[in-house]
Amino acid sequence: MDMADPQTPPLMRALKVILRPLVKLLVARGVPVRSATQAMREVYVEVIASDFVLRGEKVTDSRISLLSGLPRKEVRRLREMTPEGRPAAARQLSATATVLGRWLADPEFSTNGAPKSLPRQGDLSFESLVQAAMLDMRARTVLDEMERQNLVTIDADDMVTLRPGAFASGGDEEQTDEVLAANIGAHVEAAARNVLGQEPRTLERAVHYNRLDPASVAEIEAKARELSHAVLVELNQMAYDRQQVDKTDPSNRARFRYGMYFLGETAKGPGPSGDQEE
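Per-chain numbering applies: the sequence of each chain, read as written, is numbered from 1 onward. The model is predicted, so local features are restricted to residues of pLDDT at least 70 and side-chain atom pairs to those at 80 or more, both for listing and for counting; the totals for chains, interfaces and linings are taken over all residues. Excluding hydrogens and water, the side-chain figures rest on all heavy atoms present in the structure.

Draft legend 1. Here's a closer look at the packing of aromatic side chains. Two rings from Phe, Tyr or Trp (for Trp, the six-membered ring) form a pair when their centres sit within 6.5 Å of each other. Planes less than 30 degrees apart are called stacked, planes more than 60 degrees apart edge-to-face, and all others tilted. This structure, assessed with the given rule, holds 1 aromatic pair. Residues W103 and F126 carry aromatic rings whose centres are separated by 5.9 Å and whose planes lie at 65° to one another, so their mutual orientation is edge-to-face. Highlighted residues: W103 in helix α5 (residues 88–105) and F126 in helix α6 (residues 126–132), separated in sequence by 23 residues. Classification of W103 as buried rests on a relative accessible area of 0%. Every helix listed is a DSSP run of H or I at least four residues long, and every strand listed is a run of E at least two residues long, numbered separately from the N terminus. Using a 1.4 Å probe on the protein chains alone, a residue whose accessible area is under 20% of its type maximum counts as buried, one over 50% counts as exposed, and one in between counts as partly exposed.

Draft legend 2. Structural view of helix α1 (residues 10–28). Residue count minus one, scaled by 1.5 Å, sets the expected span of a helix. An ideal rise of 1.5 Å per residue puts 27 Å on 19 residues; α1 measures up with 28 Å between its terminal C-alpha atoms. Residue R20 marks the point of greatest curvature in α1, where the axis turns by about 35°; the proline P21 follows within four residues. Just beyond α1, the residue with positive phi is G30, at close to 80°. To get the bend at a given residue, fit one axis to the seven residues ending there, fit another to the seven starting there, and take the angle between those axes.

Draft legend 3. Local environment of the nonpolar core. Ranked by internal contacts, the top residues of the largest apolar core, which has 17 residues, are V99, W103, F126, L129, M146, V152 and L162. Elements that contribute at least two residues to this core include exactly α5, α6, α7 (139–148) and β5 (159–162). Beyond its immediate stretch of four places on either side in the chain, F126 contacts V99, W103, L118, P119, R120, A139, V142, L143, M146 and V160. Counting 7 residues, the second-largest nonpolar core is a separate cluster that includes V45, I64, V75 and L78. Think of a nonpolar core as a cluster: buried Ala, Val, Leu, Ile, Met, Phe, Trp, Tyr and Cys residues, connected wherever their side-chain atoms sit within 4.5 Å. Residue contacts follow a heavy-atom distance rule, with two residues in contact if any of their heavy atoms lie within 4.5 Å.

Quick look at the structure:
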């Protein structure tokens, strides 16, 4: 199928645009096309088996073959593969995110969203913060990981302080990949639900301007960072407060992810005529 052909389905043209930055990342990380297509095959099988069930019946290899275009033999092989457990990096990321969220929202450990510096041990300490988060993990392990990620500082008096901008900090390669998977996966899921017309419609908004001076873009980005931090702190506080009540009912299993991004770049090729808002 020629993607430049105007007869190409719009979704396939959109897929090519979506894949470009991902392929750039894969090539930079040394991931060959064979590995990427293998992952795509696995996901096709997993999604059809879980999301395309008819009348509550088990999805057969034949149905997966029909919907995916994969040979039944290949479908059977993929379904028999042993699923991997949750990576250690994902567990550590979840633990640090939980501690970070509580540190910013719990009035015992923060003031109006501003995290307090905490002694390493004792009453109202980092150790008690981890205990309050009910993590099945030693406080020292969590602290070591947060220090390794450059999320905290520890001074000579053993006071632990959260670094400014910790919301945006990343860990090592494995953990940044976990963040990529969670954030981009959620964004694409939200967009796909809207394209499919599912209700309720998900929140997905963006503003785009061109023909700007790079200095203007930098100024707008600085403002976006300022506003986004305030929004994240406010939503984190609201979610924390609701969770303290809702978690008492074990049937409450709903969750959410809210994120934002800013991409400034210089367009390639000749610019369009006239000012544009896109």
